[in-house]
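Chain residues, written in single-letter form:
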Amino acid sequence: MTTPASDHPASYLSALFGLDGRTAVVTGGSSGIGRAIAEALARAGASVVIVARREAELAATVTDLQAHGCRAASVSADLSSRESVRAAAEAAAEPFGEPDILVNSAGVNLRPPMPEIDDAVWDTTMAVNLEAPFLLSQRYAPGMAERGYGRLIHISSQQAFRAFVTSGAYGVSKAGLEGLARSQAEQWSRHGVTANTLVPGFVLTPLNARLQDDPECVQALAGRTMVGRNGLPGDFASAAVFLAGPGSAYVTGQSLFVDGGFSVH
Ligand SMILES: NC(=O)c1ccc[n+]([C@@H]2O[C@H](COP(=O)([O-])OP(=O)(O)OC[C@H]3O[C@@H](n4cnc5c(N)ncnc54)[C@H](OP(=O)(O)O)[C@@H]3O)[C@@H](O)[C@H]2O)c1
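Residues numbered from 1 in each chain as written. Predicted model: local features only at pLDDT ≥ 70, side-chain atom pairs only at ≥ 80, totals over all residues. Heavy atoms only, no water.

S.K.: Sorry if this is basic, but what is going on with the overall build of the chain here?
M.R.: Check the secondary structure of the chain and you find nine helices and seven strands. Its C-alpha atoms give the chain a radius of gyration of 18 Å, within 12% of the compact-globule value 18 Å for 265 residues. With the C-alpha coordinates aligned to their principal axes, the bounding extent of the chain is approximately 65 × 45 × 40 Å. Looking at the chain as a whole, 48% of its 265 residues are labelled buried. Of the contacts formed within the chain by residues at least 6 apart in sequence, a portion of 72% connects residues at least 24 apart. Summing over all exposed atoms, the chain offers an accessible surface of approximately 12500 Å²; the carbon and sulfur share of this is 54%. Between the centroid of the 19 positive side chains of the chain and the centroid of its 25 negative side chains there is a distance of 4 Å. (Helix = DSSP H or I, 4+ residues; strand = E, 2+ residues; numbered from the N terminus. Rg over C-alpha atoms; globule rule 2.2 N^0.38 Å. Buried < 20%, exposed > 50% of the residue type's maximum accessible area, 1.4 Å probe, protein only. Contact = heavy atoms within 4.5 Å. Areas by Shrake-Rupley, 256 points an atom, 1.4 Å probe, with all protein chains shown as cover. Lys, Arg positive; Asp, Glu negative; His and termini not counted. Charge placed at Lys NZ, Arg CZ, Asp CG, Glu CD.)

S.K.: Looking at this structure, I do not really get the environment of arginine 190. What am I missing?
M.R.: Its location among the elements puts arginine 190 in the loop between helix 6 (168-188) and strand 6 (193-200). Look at arginine 190 and you get exposed, because its relative accessible area is 74%. Separated by 28 residues in sequence, arginine 190 and arginine 162 place their C-alpha atoms 31 Å apart.

S.K.: Which parts of the structure should I look at to understand the pairing of strand 2 (residues 47-52)?
M.R.: Regular strands show a simple pattern: their side chains alternate between the two faces of the sheet. Counting buried residues in strand 2 gives six out of six residues, a clear majority hidden from the surface. By the alternation rule, side chains of strand 2 split into Ser47, Val49 and Val51 and Val48, Ile50 and Ala52, which are all buried. As paired elements, strand 1 (residues 23-27) and strand 2 share five bridges and run parallel to each other. Of the residues in strand 2, the one forming a bridge with valine 26 is isoleucine 50. Crossover connection from strand 1 via helix 2 (residues 32-43) to parallel strand 2: handedness right-handed. Here five bridges tie strand 2 to strand 3 (residues 72-76), and the two strands are oriented parallel to one another. Bridge pairing in strand 3 places alanine 52 opposite serine 76. (Pairing = 2+ DSSP bridges. Right-handed = clockwise from strand over helix to strand, strands pointing away.)

S.K.: Explain the nonpolar core to me, please; I cannot follow it from the model alone.
M.R.: Nonpolar side chains in soluble globular proteins generally cluster together in the buried interior. In this structure, Ile37, Leu41, Val48, Ile101, Val103 and Leu198 are the most contacted members of the largest nonpolar core, which totals 31 residues. Mapped by element, the contributors of at least two residues to this core are strand 1, helix 2, strand 2, helix 3 (55-67), strand 4 (101-104), strand 5 (150-155) and helix 9 (237-244). Counting residues per element, this core draws most heavily on helix 2, at six residues. (Core = buried A, V, L, I, M, F, W, Y, C linked by side-chain atoms within 4.5 Å.)

S.K.: Help me understand the sheet that holds strand 2, please; the structure alone is not making it clear to me.
M.R.: Note on sheets: strands pair through backbone hydrogen bonds, and any given pair is parallel or antiparallel. One open sheet accounts for seven strands, arranged 3-2-1-4-5-6-7; its pairing is parallel. Of all the strands in the sheet, the pair left with one neighbour each is strand 3 and strand 7 (255-258). For this sheet, the mean angle separating the axes of adjacent strands, direction not counted, is 20°. Those strands touched by helix 3 are strand 2 and strand 3, and its axis lies near 170° from that of strand 3. This element, helix 9, spans strand 4, strand 5, strand 6 and strand 7 of the sheet and lies at about 165° to strand 6. (Axes fitted to C-alpha atoms, helices over the stretch in contact; angles between N-to-C directions.)

S.K.: I tried to follow the site of the ligand on my own but got confused; where do I start?
M.R.: Lining the immediate environment of the ligand, one finds 29 residues, of which Ser31, Arg53, Tyr170, Val203 and Thr205 sit closest. Between the ligand and threonine 205 there is a distance of 2.5 Å, counted from an oxygen atom to a side-chain nitrogen or oxygen. A distance of 3.0 Å separates an oxygen atom of the ligand from a polar atom in the side chain of asparagine 208. A total of 880 Å² of accessible area belongs to the ligand in isolation, and the protein chains cover 95% of it. Listed by contribution, the elements that provide at least two residues to the shell around the ligand are helix 2 and helix 6. Class assignment for the residues of the shell around the ligand results in 14 nonpolar, eleven polar and four charged. (Near = heavy atom within 4 Å. Polar contact = N/O pair within 3.5 Å; in protein donor to acceptor, adjacent residues only side chain to side chain. Nonpolar A, V, L, I, M, F, W, Y, C, P; charged D, E, K, R; others polar.)

S.K.: Could you clarify how one ought to interpret the pattern of salt bridges in this entry?
M.R.: Opposite charge on two side chains permits pairing when their charged atoms draw close. The tally for this structure, following the rule as stated, stands at nine salt bridges. Ionic pairing is found between arginine 139 and glutamate 90, a salt bridge with its closest N-O pair at 2.6 Å. Of this pair, arginine 139 sits in helix 5 (residues 119-147) while glutamate 90 sits in helix 4 (residues 82-92); the two residues are 49 residues apart in sequence, bridging distant segments of the chain. What emerges from the salt-bridge pattern is a single network uniting Arg22, Asp100 and Arg147. (Salt bridge = Lys/Arg side-chain N within 4 Å of Asp/Glu carboxyl O.)

S.K.: I tried to follow a nonpolar patch on the surface on my own but got confused; where do I start?
M.R.: A surface patch of nonpolar side chains, about 310 Å² in accessible area, is lined by Tyr12, Leu13 and Phe17. As for its placement among the helices and strands, phenylalanine 17 is situated in helix 1 (residues 9-17). (Patch = residues over 30% accessible without salt bridge, like charges linked within 9 Å, V, L, I, M, F, W, Y side chains within 5 Å.)

S.K.: For this particular structure, what's the right way to read the packing of aromatic side chains?
M.R.: The relative placement of two aromatic rings is captured by the distance of their centres and the angle of their planes. Within the structure shown, the criterion is met by two aromatic pairs. Centroid distance phenylalanine 161 to phenylalanine 257: 5.0 Å. Interplanar angle 50°. Geometry classified as tilted. In this pair, phenylalanine 161 sits in the loop between strand 5 and helix 6 while phenylalanine 257 sits in strand 7, placing the two residues 96 residues apart along the sequence. Judged by relative accessible area, which is 38%, phenylalanine 161 ranks as partly exposed. Using a relative accessible area of 28% as the deciding quantity, one classes phenylalanine 257 as partly exposed. A ring pair is formed by phenylalanine 164 and phenylalanine 262, whose centres lie 5.9 Å apart and whose planes are at 25°; its orientation type is stacked. (Phe/Tyr/Trp six-rings, centres within 6.5 Å; stacked < 30°, edge-to-face > 60°.)

If you want it as structure tokens, here you go:
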């Protein structure tokens, strides 16, 4: 007796997690967590547009994705100004059409002690970490709702929930992102558009390269997890595919901690 095609594990998994025919925009998709997520979504079937500033990193990522047989394109843009975010939103919808999935991973990590936070640090942090995700969502979510399918995924932080290692404006921006996901979930979920956050622990990426120069600090942070190691960008692949895919339709307004148990120690 042969197994009907629809009973095959690959078909079952595809119905839960497959992204064939979907289009995704991933900010910060040229590095670290965003890059791993862009690759995961693309290899799960989505056409992916990555957005960041540096052209060389964007081009290298697109080449890598295409080498996997994926459909990928890039938009170079600085997400720290409203005009530039709005222009990037239009440009990112061009290569493959309006996105079904928006991942906001671009972020800055300016963390001077509280008394030293000036207007520039505050403004840049809020613009890139919070306002760009808001503006991009505002641009794309109504179309997602009209089409009846959308996934808004924001990369948040431990500092959204607890202050440590000079959380400063960064923690405020990430707390704002958590609130943004809940507000978006309230508005869009009944139209098939979910909004959730992924919450990393300490992940070895260029973002915290300076901290990684201190092996004792890196070891101490690994010791705060339950798994016993720091995060790697690839740890976000399956969680992102889950939140982007059809199987997570009833998961919305949530924060999914991908942190090796950092937050529950
Ligand atoms: N690594 C961690 O331990 C950790 C922990 C908690 C949360 N997170 C969050 O995870 C997200 C990704 O961080 P990561 O560790 O993967 O960092 P990363 O490797 O440094 O990547 C950051 C990405 O954002 C882009 N970007 C930064 N500023 C931008 C701007 N003004 N306009 C457009 N793109 C910009 C960068 O590209 P360009 O520089 O070329 O623009 C890069 O692609 C961030 O939101 C971060 O806050 C990270």
